[in-house]
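Examining the three-dimensional arrangement
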Amino acid sequence: MKYRYIGKSGLRVSPICLGTMTFGTQTPDEKAAFEIMDKAYEAGVNFFDTAELYPVPPSAKLAGVTEEIVGRWLKTKPRESIILATKVAGAASGWFVPPVRHGLTAIDSFHIERAVEGSLKRLGTDYIDLYQMHWPDTIVPIEESLKAFDRLVQSGKVRYIGTSNDTAYGTSKALMTSEFKGYARFESIQNNFSLLNRRFLDELTVLCEKEQISLLPYSPLAGGVLSGKYNQTNNTTGRFATYVQSKNARQRAMAQRFLNDKTLASTQKYLKIAHDAGLDPVTMAIAWSKQFSFVASTIIGATQPAQLDASLAAMDLELSQEVLDACDKVHQEILYPMG
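Residues numbered from 1 in each chain as written. Predicted model: local features only at pLDDT ≥ 70, side-chain atom pairs only at ≥ 80, totals over all residues. Heavy atoms only, no water.

Another point: the pattern of salt bridges. Throughout the structure, instances matching the rule amount to 16 salt bridges. Residue Asp328 pairs with Arg198 through a salt bridge whose shortest N-O separation is 2.8 Å. Residue Asp328 is found in helix α12 (residues 321–333), and its partner Arg198 is found in the loop between β8 (186–190) and α6 (204–211); the two are separated by 130 residues along the sequence. What makes Asp328 partly exposed here is its relative accessible area of 31%. The partner of Asp276 in a salt bridge is Lys272, and the shortest N-O contact between them spans 2.7 Å. Note that Asp276 and Lys272 are positioned in helix α9 (residues 261–277) at a spacing of 4 residues, about one turn of the helix. Residue Asp276 is classed as exposed on the basis of its relative accessible area, which comes to 53%. (Salt bridge = Lys/Arg side-chain N within 4 Å of Asp/Glu carboxyl O. Helix = DSSP H or I, 4+ residues; strand = E, 2+ residues; numbered from the N terminus. Buried < 20%, exposed > 50% of the residue type's maximum accessible area, 1.4 Å probe, protein only.)

See below:
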């Protein structure tokens, strides 16, 4: 196992991280969730990611359930053998209103402190290894946010902090603020990154490389699209097959971004590359996402234990230059299929 460090922190993590956002919805059985986490742990995964909002889709009724499940599982393992990450819900001024704290969330001192206390209780631990801002606040100054995060680090409740769904501007301003104010800095950024969504390479890559910030890519399978399941005729299973029919406008828009003519056409080409290389398309897509120097750990997910096999096969896999070149050619032919 080749462990990697997150940013300039002391967090040494496996190249694959297990995401838990389906625990409580798509994986309603806690026994199955435990089996998934056990299987990942036994394969060498030491990094687990969750959030106060999970499971997805977010709801006021279920928010926090995933952390509770992870917390009960955590008691079956030596705590210091796990690198545990969770997130404070982003601001209600962002892309949607979180169904926690009555939809009045902000990345300010009050909400950060309330959120971390809730997460610590649900997770049944006295510290969080990596505490992340789920998405930025467009109103509260980053100085206030970082001051609150820094207090958590100084108190020992949080070891390190990170951001998520952030921009080059937002991340660089946060880093500058931390440097001049002497606050703990963001060591990681958790953004969408896959063969179908290479936007991170446009600007954020330079920032990560120059400032030693680690990317923790989520959705390396582009919401399951890169598995090829949506390229099958009459397939009606999967999250986006459901979201396309949703009454929720945000879910329909998300489905259209991930599931459209360009993403399906690109996926068909990637399926052929994987077939010709003798690889499972899931394994190839995950291996691609973690094969960058600025990536610390790629976040995978599963709704049942058997789904982990192809993902875990990417743990120590390095794609050949021939495969990488073929993948780049697809992107050149169909630029930014997710927009």
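What follows continues from the structure just given.
Turning next to helix α10 (residues 281–290). Along α10, 9 of the 10 residues are buried, which leaves the element largely enclosed by surrounding structure. The complete set of buried residues in α10 reads Val282, Thr283, Met284, Ala285, Ile286, Ala287, Trp288, Ser289 and Lys290. The backbone nitrogen of Val282 lies 2.8 Å from a side-chain oxygen of the residue at the head of α10, namely Asp280. (Polar contact = N/O pair within 3.5 Å; in protein donor to acceptor, adjacent residues only side chain to side chain.)

The next point concerns the packing of aromatic side chains. What the rule picks out here adds up to 14 aromatic pairs. Judged by centre distance (4.7 Å) and plane angle (45°), the rings of Trp95 and Phe96 are tilted. Centroid distance Phe193 to Phe292: 5.4 Å. Interplanar angle 70°. Geometry classified as edge-to-face. Note that Phe193 is positioned in the loop between β8 and α6 and Phe292 in the loop between α10 and β10 (298–300), a separation of 99 residues in sequence. (Phe/Tyr/Trp six-rings, centres within 6.5 Å; stacked < 30°, edge-to-face > 60°.)

Attention shifts here to the packing of helix α2 (residues 65–74) against helix α3 (residues 109–123). The contact between α2 and α3 brings their axes to 7 Å, and the two run at 45°. Here α2 is positioned oblique relative to α3, judged by the angle of their axes. Here α2 contributes Glu67, Glu68, Val70, Gly71 and Leu74 to the contact with α3, which in turn contributes Ser119, Arg122 and Leu123. Classifying every residue of the contact of α2 with α3 by side-chain character gives 3 nonpolar, 2 polar and 3 charged. (Axes fitted to C-alpha atoms, helices over the stretch in contact; angles between N-to-C directions. Parallel < 35°, antiparallel > 145°, perpendicular 65-115°, else oblique. Contact = heavy atoms within 4.5 Å. Nonpolar A, V, L, I, M, F, W, Y, C, P; charged D, E, K, R; others polar.)

On to the nonpolar core, then. By size, the foremost hydrophobic cluster in this structure holds 63 residues, and its most contacted members are Leu18, Met37, Tyr270 and Met284. Sorting elements by how many residues they give to this core places α10 first, with 6 residues. Met37 has contacts with Leu18, Phe23, Phe48, Ile69, Val70 and Trp73, leaving out every residue within four places of it along the chain. Counting residues in each nonpolar core, the second largest holds 20 residues, with Tyr131, Ile142, Ile161 and Phe186 among its members. (Core = buried A, V, L, I, M, F, W, Y, C linked by side-chain atoms within 4.5 Å.)

Among the 7 residues of strand β7 (residues 158–164), 5 are classified as buried, and the element is accordingly described as predominantly covered. In terms of strand pairing, strand β6 (residues 128–133) meets β7 through 5 bridges, oriented parallel. Across the sheet, Tyr131 pairs through a bridge with Ile161, a residue of β7. As a crossover connection, the stretch from β7 through helix α5 (residues 168–181) into β8 is right-handed. (Pairing = 2+ DSSP bridges. Right-handed = clockwise from strand over helix to strand, strands pointing away.)

Turning our attention to the sheet that holds strand β9 (residues 214–215). Read from one edge of the open sheet, 8 strands run β9-β8-β7-β6-β5-β4-β3-β10, paired in parallel fashion. One side of each edge strand has no neighbouring strand; the edge strands of this open sheet are β9 and β10. Bridge count between β8 and β9: 2 bridges; the pairing is parallel. Following the sheet pairing, Ile189 is matched in β9 by Leu215.

With that settled, consider the pairing of β6. Counting buried positions along β6 yields 6 of 6 residues, so the element is predominantly enclosed. Considered for its hand, the β-α-β crossover made up of strand β5 (residues 83–88), α3 and β6 is right-handed. Since β6 and β7 lie parallel, the crossover through helix α4 (residues 142–155) that links them has a hand, and here it is right-handed.

Our next topic: α3. When the terminal C-alpha atoms of α3 are compared, their 21 Å separation across 15 residues agrees well with the 21 Å that a helix rising 1.5 Å per residue should span. When we look at burial in α3, the residues that qualify are Ser109, His111, Ile112, Ala115, Val116, Gly118, Ser119, Leu120 and Leu123. Those residues of α3 hidden inside the fold are in contact with α2, β5, β6, α4 and β7. Phi turns positive one or two residues past the end of α3, at Gly124, with a value near 65°. (Expected span 1.5 Å × (residues − 1).)

What follows is about the side chain of Asp108. By secondary structure assignment, the location of Asp108 is in the loop between β5 and α3. For Asp108, which is buried and forms no salt bridge, the nearest opposite charge comes from Arg101, at a distance of 7.3 Å. Engagement of the side chain of Asp108 in a polar contact is seen with the backbone nitrogen of His111, the distance being 3.0 Å. When sequence neighbours within four positions are dropped, the list of residues in contact with Asp108 reads Val140 and Glu144. (Lys, Arg positive; Asp, Glu negative; His and termini not counted.)

By themselves, these observations are geometric and do not establish any function.
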